[in-house]
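The lines below spell out each chain.
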Amino acid sequence: MAACGVGRLTRLPLCAQRSQVLRPIRRLLSCPGTVAADVRKEEQPPGSAETGSEDRTPKKRFSEVQKERREQAQRTVLIHCPNKISEKKFLKYLSQHGPINNHFFYESFGLYAVVEFCQKESVDSLQNVTRTPSLGTEAAIPFRSRFFNLKLKNASNQTSEQSRISCSNQSPPSSKKLFELLCDAESIDDQLNTLLKEFQLTEENTKLRHLTCSLIEDIAAAYFLDCAVRPFGSSVNGFGKLGCDLDMFLDLDEIGKFNAHKALGNFLMEFQVKNVPSERIATQKILSVIGECLDHFGPGCVGVQKILNARCPLVRFSHQASGFQCDLTTNNRIALKSSELLYIYGALDSRVRALVFSIRCWARAHSLTSSIPGAWITNFSLTMMVIFFLQRRSPPILPTLDYLKTLADAEDKCIIEGHNCTFICDLNRIKPSGNSETLELLLKEFFEYFGNFAFNKNSINIRQGREQNKPEPSPLHIQNPFETSLNISKNVSQSQLQKFVDLARESAWILHQEDKDRASPSSNQPWGLAALLLPSIAKNMSLAKRKRKKPASERIKNLLESIKSSSTEDSTNTNGKRTASTQA
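Residues numbered from 1 in each chain as written. Predicted model: local features only at pLDDT ≥ 70, side-chain atom pairs only at ≥ 80, totals over all residues. Heavy atoms only, no water.

## Brief notes about the overall build of the protein
Part 1: On a plain count of helices and strands, the protein comes out with 19 helices and 14 strands.
Part 2: Per-residue burial for the protein yields a buried fraction of 50% across its 584 residues.
Part 3: By sequence separation, contacts in the protein at least 24 residues apart represent 72% of the contacts at least 6 residues apart. (Helix = DSSP H or I, 4+ residues; strand = E, 2+ residues; numbered from the N terminus. Buried < 20%, exposed > 50% of the residue type's maximum accessible area, 1.4 Å probe, protein only. Contact = heavy atoms within 4.5 Å.)

## Topic: the pattern of salt bridges
Part 1: Evaluation of the coordinates by the stated rule reveals 20 salt bridges.
Part 2: One salt bridge connects Glu340 with Lys337, and the closest N-O pair in it is separated by 3.1 Å. Of the two residues, Glu340 and Lys337 are both situated in helix α10 (residues 333–348); the distance of 3 residues between them amounts to about one turn of the helix. Across the pair, Lys337 and Glu340 agree in class, each one buried.
Part 3: If you follow the salt bridges from partner to partner, you end up with Arg69, Arg75, Glu116, Glu203 and Lys207 in one network. (Salt bridge = Lys/Arg side-chain N within 4 Å of Asp/Glu carboxyl O.)

## Focus on helix α7 (residues 188–199)
Each turn of an α-helix holds 3.6 residues, which means side chains three or four residues apart point in the same direction.
Part 1: In a regular helix each residue adds 1.5 Å, so 12 residues correspond to 16 Å; α7 covers 17 Å between its end C-alpha atoms and thus fits that length.
Part 2: Most of α7 is tucked away: 10 of the 12 residues are buried.
Part 3: Residues of α7 that are buried include every one of Ile188, Asp189, Gln191, Leu192, Asn193, Thr194, Leu195, Leu196, Glu198 and Phe199, and no others. (Expected span 1.5 Å × (residues − 1).)

## Points about the pairing of strand β10 (residues 324–330)
Part 1: Of all the 7 residues making up β10, 6 are buried; the element is thus mostly covered by neighbouring parts of the structure.
Part 2: Sheet topology places strand β7 (residues 246–251) next to β10; 5 bridges connect them, and they run parallel. Paired with Phe249 across the two strands is Thr329, which belongs to β10.
Part 3: Strand direction decides the pairing type here: strand β9 (residues 314–319) and β10, joined by 5 bridges, are antiparallel. Residue pairing in the sheet places Phe317 in a bridge with Cys326 of β10.
Part 4: Counting the residues in the hairpin turn of β9 and β10 gives 4 residues, including Gly323, whose phi is positive at 85°. (Pairing = 2+ DSSP bridges.)

## Section: unusual backbone geometry
Part 1: Here the residue pair Ser394 and Pro395 is connected by a cis peptide bond, since its omega of -5° sits within 30 degrees of zero.
Part 2: Note on placement: Pro395 falls in the loop between α12 (379–391) and α13 (401–406).
Part 3: Although it is not a glycine, Ser367 sits at a positive phi angle of roughly 60°.
Part 4: Within the secondary structure layout, Ser367 lies in the loop between α11 (350–365) and α12.
Part 5: A relative accessible area of 34% means that Ser367 is categorised as partly exposed.
Part 6: Phi angles above zero are rare outside glycine, and Glu417 is one such case at about 50°.
Part 7: In this structure, Glu417 sits in the loop between β11 (415–416) and β12 (419–420).

## A few points about the packing of α12 against helix α14 (residues 439–451)
Part 1: In the contact formed by α12 and α14, the axes pass within 11 Å of each other and the chain directions differ by 105°. It follows from the interaxial angle that α12 and α14 lie roughly perpendicular. Together, Met385, Val386, Phe388, Phe389 and Leu390 of α12 and Leu442, Glu445, Phe446, Tyr449 and Phe450 of α14 make up the contact between the two elements. (Axes fitted to C-alpha atoms, helices over the stretch in contact; angles between N-to-C directions. Parallel < 35°, antiparallel > 145°, perpendicular 65-115°, else oblique.)

## A look at empty space enclosed by the protein
Part 1: What the rule picks out here adds up to 5 cavities of 30 Å³ or more.
Part 2: Of the pockets and cavities examined, the largest cavity occupies roughly 60 Å³.
Part 3: Forming the walls of the largest cavity are Phe143, Ser145, Phe147, Leu215, Ile216, Ile219, Pro299, Cys301 and His319.
Part 4: It is helix α8 (residues 203–220) that provides the largest number of residues to the lining of the largest cavity, a total of 3 residues.
Part 5: Of the residues contributing to the lining of the largest cavity, the split by class is 7 nonpolar, 2 polar and no charged. (1 Å grid on protein atoms, 1.4 Å probe; cavity = no way out; pocket = protein on both sides within 12 Å on 5 of 7 lines; lining within 4 Å. Points joined across faces, edges and corners; volume = space filled by probe spheres on them. Nonpolar A, V, L, I, M, F, W, Y, C, P; charged D, E, K, R; others polar.)

## Description of the packing of aromatic side chains
To describe a pair of aromatic rings, you give the distance between the ring centres and the angle between the ring planes.
Part 1: Under the defined criterion, the tally for this structure stands at 22 aromatic pairs.
Part 2: Consider the rings of Phe389 and Tyr449, whose centres lie 5.9 Å apart with planes at 50°: the pair is tilted. Of this pair, Phe389 sits in helix α12 while Tyr449 is found in helix α14, placing the two residues 60 residues apart along the sequence.
Part 3: On the basis of relative accessible area, Phe389 is assigned to the buried category, the value being 1%.
Part 4: Each ring, one from Phe450 and one from Phe500, has its centre 6.5 Å from the other, and the planes form 65°; the classification is edge-to-face. Here Phe450, found in helix α14, pairs with Phe500, found in helix α15 (residues 494–516); they are 50 residues apart in sequence, far enough to count as distant. (Phe/Tyr/Trp six-rings, centres within 6.5 Å; stacked < 30°, edge-to-face > 60°.)

The structure is reproduced here in structure tokens:
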């Protein structure tokens, strides 16, 4: 099940010393053709590099990463283990079927192990010695999968050699823990990078997501032999947080693909197929059958819902073993292309993901976003707003989509359902930004920029990176980067937009106030990003203040302008380090 987002933080006493964060023990070996060697490099703390300085090592294309992950998942198994198990004997038993590349344990309705072999043939070997369970009065539906259940023949022998198994964390930190980590940070830049490190998907969680898709692919392949089930959205775009849902789509494009090189002679052979009136009906029929299979035959798949009349038909279910809430669609290629675009933007500059994660956390803390569909701003909309803001910096931190299109070559050309989705896919050909602004300044300027944005007449467009007149009267208009006639924020109400503006102005005011009088490092008072995650001061205003004629948001805006005009140097200070106040 998806973990809940961080709620509002309350004022909590701080520990005198920063508590140690336990990191999961990872066992990564080196087998040819794996991404294990890349993992250590990728796990460098996000804040370890100086602001504006980027890693110059070659970066992999999105398609390359996804291909490697899929191959990795195909030689991986998921095993439900007894709580009392000898890890040493467990690995020795599995090693009979071939060398193991890496493994980890986690807890979700029991103890589970994710084991990646070095060769795919090892999975077949393990399946060949696995039996269908005998359930006594109940009947088992025989299904050959890569999801196993391990039982002990002699539990006493295992217990005698048992050592405590280290489990990988699959959940974000609690509000209390996050608050303590943020208040112990040395600067606002450090706070944003700390939040990113605590919330971003871990290597283990990423592997589990791709494995879950691979297990669903095994089920779909019973009907569609050459199909692929691919994750998209937050699970692969670099902006997913621990506990987020798993979006996946059934890719049928490779089935029966015509290969001119294999066509010999004067004949052309085609498959006999069923015909239906439209693509939508075909999608509904396919998902209906897959949904039935998941419900009746899919190990660990529970709560299956077939939502076939939605604009984008889907099957929703919970994968109990992994703990993921899953949405399965079919041939959703534009969504995958959007995931690739966000992956590129997140990989271009180390500040992008840190800022996006912090803005999303801030929005969730103030109930600007919600896991329930409604009139709220979505995480995708917030991400587009951050990208647009970074395109507007001087010099720009991120390039526009139109510029990325000009860098594309013939190999990058992509037209999906009549929509031009072309942009450069090779990260190494995109010139890094010369902008060296700190995260602290960017956070402050983000709130100020959108606290004064003319939402009533302008729209947000990352293709061109500039404000445009709104083509429709929706309160918030953010152009879909590929389906340009669509507004991705059409659902947002005027009241929710105004709430966002009010909170943005208030947050900018809080950060500017801190510039004037920073709290002492020994103080227990929340500061920086931690202060922004506390309940809005506008909600807790006294009755007398609420009776003032001028709205709170406008008063904060005027205060902010006066602070900026009187202390310009403070607002542009890029040092970012906490300093003790020298005032009495």
